[in-house]
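# Results of the structural survey
One-letter residues, chain by chain:
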Amino acid sequence: MRRTEPLASKQILSAHLMDAGFEVTLVNLKDSERESEFGTTTWRGRRLTKVAVGASWRDLDPRRFDVWGVTINYLQEREIACAVIEHLKAGGGRVAVGGSDAFAEPEPYLKAGADLVIRDKSGAANVAAIGWLAGTSEAAGLTGVALADGSARPARRPPMSPQDWPVPDPSVVAPTLGMEYWEAPLPPELKPIGVSMLDLGCDRHCDFCETPTYRLGYKAMTPERAEEWLTAQRDAGARSVIILSDQFLGRILWPGGREKILEIMATARRLGLAVLWGNGIEINKATLGRGRRGGDRTPDEELVSALWGWDGEVGCAQVYVPAERPSTGPGSYEKLLPWREHCTMMEAIARAGVPDINYGVIVGLPDDTDEELARTLELVHDMKSRLTSINPALKFRVMPFALRPLPGTPQSHELHRQKLLRFDDPAILGGFWTACADTHHMSYAQVADWQSRYIEEINGAETVAKNWQGVTAMY
Ligand code: B12
Ligand code: SF4
């Protein structure tokens, strides 16, 4: 899973370190089909084997580089990342660790032997950290790191802005391009797939999300800088690009933001790059009221067609819509629209022409009952029939994500406080398809059954038949 997808942070990090004068080599362990077992776990009474797919870290020579960098964004992959660090340290390597999971909880990585963990998502800490480990710069310059001796340096203020991330050369981008896209199969003419992070942070505070914990506010590239990043993807050979901002439409809250969004979308079209919103996009911000409390919830048609229009070659080829809990709308998450306005916006998106929609729903919230999940499933059926009546060729799938306690998030604190968690293995806790928390009214196993039911009814029983959860088959 996720073996040949584009590598986003490697473009950012490599370009940044090269710009500072370091020689950088990308070691992509996922670039191999080899499988190795590294443990077992039990879920729903079944013994599951943990399998790492890729080249073995045990074959890495720890002395090969002056400094090793490990990126670990996912709790689910924590155990493997720690095994990599232990191996490198045992052989005398120096190791820096970055990424969301290490940012949120550095301790397991330091315990595995990391010399330092980056605790600044903006990039401001990176050059000094590598310089210090390589022996080319002083400890006095360190910011935003947790160190092996238990000490820490506060992150730089102000943080770095994506606007200041050095743009990678196409030769740096080329080895990071992907051939798979996690949301949907893509036709050959949209491959290879590039990736660009055109802004960082978010103005919202959804309780399950790590992004607000970065404490960066919202920082966006200008359309000119975004064009340089998109051009680098195109020049490296990409035919489509995943824009994986946390909050691409955050720009709209500032004067001139709407025009900047239109400009970036026009640039992608001009470069011949199909856009993939694989990380979700807040549809509420594409209303005339821009998602502000009490604002006009009518779709901004020009923006909708710029973001989700598709002419068969350019525009938006696929979108993930984080509908989360559409039945309760802003009552559950402030970013959501009430059901009626949500339907109007989704219909406008379907009319714009996007051929493929993944509709993300959260199942297993602490107060969830069978009735609430049945009601939500009814609404998803309703949404599917509304949209397919506008575009009969539309591919519409539901993605029923179960809760997981992401380190540092308010939801994680609540799940612990309410004693709803039934597991402590990161491989189970970090996966959306291995429900790990009871609700006040049902067990985690019943939540998992609801996940399968959503997939079976909306995406088709044959999807589930492909493998035990049906979902990974879609990736
Ligand atoms: C893009 C993305 C994805 C993409 C990844 C695509 C890809 N191949 O890159 C996709 C959609 C596949 C994805 C999936 C998932 N994601 Co995601 N994703 C992100 C997102 C938005 C951006 C990651 C990124 O590239 N960041 C940009 C770079 C710049 O940040 P970075 O990697 O941390 O690197 C910076 C620093 O940390 C540092 N750094 C990093 N590494 C190193 C190393 C060294 C040596 C140094 C010096 C510095 C350094 O330098 C960089 C520049 O500043 C983050 C949120 C976020 N803003 O980070 C969520 C995020 C990482 N995802 C999250 C989650 C939960 C998931 C899923 C579980 C969801 C799901 N649908 O199943 C899956 C799990 C995937 C898996 N197990 O493989 C959570 C992770 C929480 C956690 N601890 O587990 C996050 C934080 C979002 C959130 N809402 O909370 N995700
Ligand atoms: S809108 Fe998205 S990125 Fe922002 S806090 Fe909510 S889930 Fe996180």
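In this text, all values refer to a predicted model and were calculated from it rather than measured experimentally. (Residues numbered from 1 in each chain as written. Chains lettered and ligands numbered in written order. Predicted model: local features only at pLDDT ≥ 70, side-chain atom pairs only at ≥ 80, totals over all residues.)

## Regarding the overall build of the protein chain
Looking only at helices and strands, the protein chain has 15 helices and 15 strands in total. Over its C-alpha trace the protein chain gives a radius of gyration of 22 Å, about what one expects of a compact globule, namely 23 Å for 475 residues. Along the three orthogonal principal directions, the C-alpha set of the protein chain runs to about 60 × 55 × 40 Å. A total of 475 residues make up the protein chain; the buried ones form 46% of that total. Taking the intrachain contacts of the protein chain between residues at least 6 apart in sequence as the baseline, contacts between residues at least 24 apart amount to 68%. (Helix = DSSP H or I, 4+ residues; strand = E, 2+ residues; numbered from the N terminus. Rg over C-alpha atoms; globule rule 2.2 N^0.38 Å. Buried ≥ 20, exposed ≤ 12 C-beta atoms within 10 Å, placed from the backbone. Contact = placed C-beta atoms within 7 Å.)

## Things to note about the site of ligand 2
Taken together, the neighbourhood of ligand 2 is formed by Cys-202, Arg-204, His-205, Cys-206, Cys-209, Thr-211, Pro-212, Asp-246, Gln-247, Glu-282 and Lys-335. Considered class by class, the residues forming the shell around ligand 2 number 4 nonpolar, 3 polar and 4 charged. (Near = placed C-beta within 6 Å. Nonpolar A, V, L, I, M, F, W, Y, C, P; charged D, E, K, R; others polar.)

## Comments concerning helix α10 (residues 339-352)
Helix length check: α10, at 14 residues, gives a terminal C-alpha distance of 20 Å against a target of 20 Å (1.5 Å per residue), a fit within 8%. When α10 is considered as a whole, its buried residues turn out to be Glu-341, His-342, Met-345, Met-346, Ala-348, Ile-349, Ala-350 and Ala-352. At its buried positions, α10 is contacted by α9 (301-308) and α11 (370-390). Gly-353, located one to two residues past α10, shows a positive phi value of around 115°. (Expected span 1.5 Å × (residues − 1).)

## Let's talk about the sheet that holds strand β5 (residues 116-118)
The sheet built from 5 strands is open, its strands ordered β3-β4-β5-β6-β7 with mixed pairing. In this open sheet, the two edge strands, each paired with only one partner strand, are β3 (68-71) and β7 (152-153). (Pairing = 2+ DSSP bridges.)

## Details of the UniProt feature "domain: Radical SAM core" (unreviewed entry) in the protein chain
Within this numbering scheme, the UniProt entry marks residues 187-446 as carrying the feature "domain: Radical SAM core" (unreviewed entry). A distance of 36 Å separates the end C-alpha atoms of residues 187-446, which is 33% helix and 17% strand. (UniProt positions renumbered as here; feature names shortened; annotations may be inferred.)

## Notes on the site of ligand 1
Near ligand 1 lie 42 residues; those nearest to it are Ser-9, Gly-69, Gly-98, Gly-123 and Glu-210. For the shell around ligand 1, a count of residues per class yields 20 nonpolar, 15 polar and 7 charged. Counting only domains with at least three residues in the shell around ligand 1, you end up with domain 1 (8-153) and domain 2 (162-474). (Domains from an automatic or database assignment.)

## Let's talk about the sheet that holds strand β15 (residues 395-402)
Read from one edge of the open sheet, 6 strands run β8-β11-β12-β13-β14-β15, paired in parallel fashion. In this open sheet, the two strands that pair with only one neighbour each are β8 (193-196) and β15. The average undirected angle you get between the axes of adjacent strands in this sheet is 20°. Here 4 bridges tie β8 to strand β11 (residues 240-243), and the two strands are oriented parallel to one another. Bridge pairing in β11 links Ile-193 to Ser-240. (Axes fitted to C-alpha atoms, helices over the stretch in contact; angles between N-to-C directions.)

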